[in-house]
Amino acid sequence: MWTNSRTAGASLRILTHLQRCCGHTGWRRGTDGRHRWLCRHMSSTGPPWRLLFFGSDQFAVESLKHLTSSWTSREGIVESLEVVTVSGNVPVKKFAQQNQLPLHTWPPDNVDGRFDVGVVVSFGCLLHKTLINKFPHGILNVHPSLLPRWRGPAPIVHTILHGDTVTGVTIMQIRPHRFDVGPIVNQELHQVPENCTTDDLEAALATKGAHLLIDTLATLSERLAHKRNQSRTGETFAPKISTSMSWIVWEEQTCDSIDRLYRAIGSRIPLRTMWMGETIKLLDFVGRCHITLSDQRRRPAPGSVSFQKESNTLAVCCKDGWVGFKTVLLKKRLTAADFYNGYLHQAAERMFVSKKSGTEARQIREN
């Protein structure tokens, strides 16, 4: 109860001032599990930041894991952390639930004035201008390539598929209506190890991207002041992988190109060919084979199959040599010896056939 009208009026003016100065008030869970009442300015010029994270898959989890660690250890970079994810039991949702992070369904509501920065990692949904503008410092995106090279949903696959020896991670600002075109805020190179697979490179870039994100947030105001537009040269697109990429064209593909194709997509989509009108999936790739033919004067046709008993391998002739596979899938999984003894040895046709013409297959890989 107010003691007099003058005191009441002064107190009311103080409360009004606090409401105008504080853009965000509410309860927040501390690292000890207790909830505390917070009141702070609408946005700050430096950390710690109020973050809203957008992500879905395992690549995104690595960045979310580092942000969560930074928040719980009170490093002074993350003040609060909430998560937006798509429907379904995706890895980001599982991680958020396990770590008791507030979850929002896509598209989020009640965002106004609650966050300083958005972070998008492997999310797959376009963000509209009205949402982006709700973040005073914009929305950052962690992209696993050296933009503008390999814009699109599958940059790591295409890095392996095209034999790039250098890639990296880019932190960029999201722009509305288009993917991967915003200004670059931070970027770091990564050497691609020899014989690296998509899974290997994805794990390495996920970790590198998470560290680069923390570094960017720690110096965000300075980074934003020196951001740069992407180059207009060197743009390439990395379309989503599909089954159509997995068909081998024996007449056109070399040992090296088949090796890159297997390392790029083999763990997700098996390589394919045709035999006797049926589809065969080629598994357990062993690379280039060195074989000796009984008739050295006769050049084998691309697609020719030779069973190597000593190594239990099916060797297949391609444009510039032979490549080997230990296992095939024809109705059921078969070793090279099982396929040879049960099918190939008794067949009139001992050749694998390219399903598509060379031109069609080349267009699939290039596009």
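Conventions and cut-offs
Residues numbered from 1 in each chain as written. Predicted model: local features only at pLDDT ≥ 70, side-chain atom pairs only at ≥ 80, totals over all residues. Heavy atoms only, no water. Buried < 20%, exposed > 50% of the residue type's maximum accessible area, 1.4 Å probe, protein only. Helix = DSSP H or I, 4+ residues; strand = E, 2+ residues; numbered from the N terminus. Pairing = 2+ DSSP bridges. Right-handed = clockwise from strand over helix to strand, strands pointing away. Contact = heavy atoms within 4.5 Å. Axes fitted to C-alpha atoms, helices over the stretch in contact; angles between N-to-C directions. Parallel < 35°, antiparallel > 145°, perpendicular 65-115°, else oblique. Left-handed = near helix turned anticlockwise from the far one by under 90°. Phe/Tyr/Trp six-rings, centres within 6.5 Å; stacked < 30°, edge-to-face > 60°. Core = buried A, V, L, I, M, F, W, Y, C linked by side-chain atoms within 4.5 Å. pLDDT = per-residue confidence, 0-100.

A.B. asks: Tell me about the pairing of strand β4 (residues 78-85), and name the residues and values.
C.D. replies: Counted residue by residue, β4 has 7 buried out of 8 residues, so it is predominantly covered. Here 6 bridges tie strand β3 (residues 49-55) to β4, and the two strands are oriented parallel to one another. Paired with F53 across the strands is V83, a residue of β4. Pairing of β4 with strand β5 (residues 103-105) involves 3 bridges; the strand directions are parallel. Residue pairing for β5: T85 is matched across the bridge by T105. A crossover links β4 with its parallel partner β5, the connecting element being helix α3 (residues 91-98), and its sense is right-handed.

A.B. asks: How would you explain helix α8 (residues 255-265) if you had to name every residue and give the values?
C.D. replies: Because an α-helix packs 3.6 residues into every turn, residues spaced three or four apart end up facing the same way. Within α8, 8 of the 11 residues are buried, which leaves it mostly tucked inside the rest of the structure. Within α8, burial applies to C255, S257, I258, D259, L261, R263, A264 and I265. Considering only its buried residues, α8 is in contact with α5 (155-161), α6 (198-218), β10 (271-275), β11 (278-289) and β14 (322-330).

A.B. asks: Just give me the short version of the pairing of strand β15 (residues 332-335), but keep the residues and values in it.
C.D. replies: In terms of strand pairing, β14 meets β15 through 4 bridges, oriented antiparallel. Residue pairing for β15: L330 is matched across the bridge by K332. Between the end of β14 and the start of β15, which pair antiparallel, lie 1 residue, with K331 showing a positive phi angle near 70°.

A.B. asks: Please set out the packing of helix α2 (residues 58-72) against α3 residue by residue, giving values where relevant.
C.D. replies: At a minimum axis distance of 8 Å, the contact between α2 and α3 shows a crossing angle of 25°. The angle between α2 and α3 places the two elements in the roughly parallel class. The chirality of how α2 crosses α3 is right-handed. Only P91, V92 and F95 of α3 make contact with α2, whose side of the interface consists of Q58, A60, V61, L64, K65 and T68.

A.B. asks: Which residues make up the packing of aromatic side chains, and what values do they have?
C.D. replies: Taken as a whole and judged by the stated rule, the model has 13 aromatic pairs. Ring centres 6.2 Å apart and planes at 45° place the aromatic pair F339 and F352 in the tilted group. With F339 in helix α9 (residues 336-342) and F352 in the loop between α9 and α10 (358-366), this pair connects stretches of sequence that are 13 residues apart. Judged by its relative accessible area of 0%, F339 is buried. Using a relative accessible area of 1% as the deciding quantity, one classes F352 as buried. In this structure an aromatic cluster arises from ring pairing among F54, W106, F115, F123 and F135.

A.B. asks: Before we move on, could you go through the side chain of T159 and cite the residues and values that matter?
C.D. replies: Tracing the sequence through the fold places T159 in helix α5. The buried category is assigned to T159, whose relative accessible area is 1%. Sequence-distant contacts of T159, defined by excluding residues within four places in its chain, comprise W150, D164, T167, V192 and L201.

A.B. asks: Mind laying out the nonpolar core, listing which residues take part and the relevant values?
C.D. replies: Counting residues in hydrophobic clusters, the biggest one holds 73 residues, and the most contacted among them are F53, L217, W250 and F339. No other element matches the 7 residues that α6 contributes to this core. The contact partners of F53, leaving out residues within four places of it in the chain, are A60, S63, L64, L67, L81, E82, V83, V84, V92, V119 and V121. Core analysis: the second largest hydrophobic core is formed by 14 residues, V84, C125, L127 and I132 among them.

A.B. asks: Just give me the short version of the confidence of the model for the chain, but keep the residues and values in it.
C.D. replies: Here the chain averages 87 in pLDDT, while 84% of its residues score no lower than 70. Considering only residues more than four positions removed or in separate chains, one finds that residues 1-41, a stretch of pLDDT under 50, has 49 contacts. Confidence drops under pLDDT 50 across residues 357-365; counting only partners more than four residues distant or on other chains, this segment forms 13 contacts.

A.B. asks: Can you break down unusual backbone geometry residue by residue, with the values?
C.D. replies: Excluding glycine, a negative phi dihedral is what most residues carry, and trans is how most peptide bonds are arranged. Along the chain, W106 connects to P107 via a cis peptide bond; the corresponding omega equals -5°. Within the secondary structure layout, P107 lies in the loop between β5 and β6 (117-121). The linkage connecting L147 with the following residue, P148, adopts the cis geometry, with an omega of 15°. Here P148 shows up in the loop between β7 (139-143) and α5.

A.B. asks: How would you sum up the sheet that holds β5? Please name residues and give values.
C.D. replies: Here 7 strands make up an open sheet; going across it, the order is β5-β4-β3-β6-β7-β8-β9 and the pairing mixed. Unpaired on one side and paired on the other, β5 and β9 (184-191) mark the two borders of the sheet. Ignoring strand direction, the axes of neighbouring strands in this sheet form an average angle of 20°. Looking at chain direction, β7 and strand β8 (residues 166-173) are connected through 4 bridges and run antiparallel.

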